[in-house]
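# Notes for the structure review
As a plain string of letters, each chain reads:
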Amino acid sequence: MLVLIPSVVVLLVIGGCACVFRTARGDAPRWARGVAKLTLLGSELAETATRGSGSRRSGSGD
């Protein structure tokens, strides 16, 4: 069970990246374009969360 959850997460990430790649090529079905949008949204949210926590850490030390 401990290995199963990270494995599923990795497979979902790989699948999302494949949908983004296929959408960029222009031959993706509608469901793949939806998955690609969700993948890109998730990456933007993760980037924003990472950037926000980093600026808080650097600001609190000064």
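The rules behind each value
Residues numbered from 1 in each chain as written. Predicted model: local features only at pLDDT ≥ 70, side-chain atom pairs only at ≥ 80, totals over all residues. Heavy atoms only, no water. Helix = DSSP H or I, 4+ residues; strand = E, 2+ residues; numbered from the N terminus. Buried < 20%, exposed > 50% of the residue type's maximum accessible area, 1.4 Å probe, protein only. Areas by Shrake-Rupley, 256 points an atom, 1.4 Å probe, with all protein chains shown as cover. Patch = residues over 30% accessible without salt bridge, like charges linked within 9 Å, V, L, I, M, F, W, Y side chains within 5 Å. Salt bridge = Lys/Arg side-chain N within 4 Å of Asp/Glu carboxyl O. Expected span 1.5 Å × (residues − 1). Disulfide = S-S within 2.5 Å.

Here the focus is the overall build of the chain. The helix and strand tally for the chain stands at two helices and zero strands. Sorting the 62 residues of the chain into buried and exposed places 8% on the buried side. Accessible surface computed for the chain: about 5,200 Å², of which carbon and sulfur atoms make up 69%.

A word on a nonpolar patch on the surface. A contiguous nonpolar surface patch, about 730 Å² in accessible area, is contributed by M1, L4, I5, V8, V9, L12 and V13. Within the fold, M1 resides in the segment before helix 1 (4-25).

With 22 residues, helix 1 ought to run about 32 Å at 1.5 Å a step, and its terminal C-alpha atoms sit 32 Å apart, in line with that. Positive backbone phi, at 95°, marks G26, one or two positions downstream of helix 1.

What follows covers the pattern of salt bridges. Overall, the coordinates contain three salt bridges when judged by the stated rule. Of the charged contacts, one joins R22 and D27 as a salt bridge, the two residues approaching to 3.9 Å between their closest N and O atoms. Assessed through its relative accessible area of 35%, D27 is described here as partly exposed. Taken together, the shared-partner salt bridges in this structure form one network comprising R22, R25 and D27.

Structurally, a disulfide amounts to a covalent bond that connects the sulfur atoms of two cysteines. Taken as a whole and assessed by the stated rule, the structure comprises zero disulfides. With no disulfide of its own, C17 lies closest to C19 among cysteine sulfurs, the gap being 9.4 Å.

So yeah, pure geometry; function would need other evidence.
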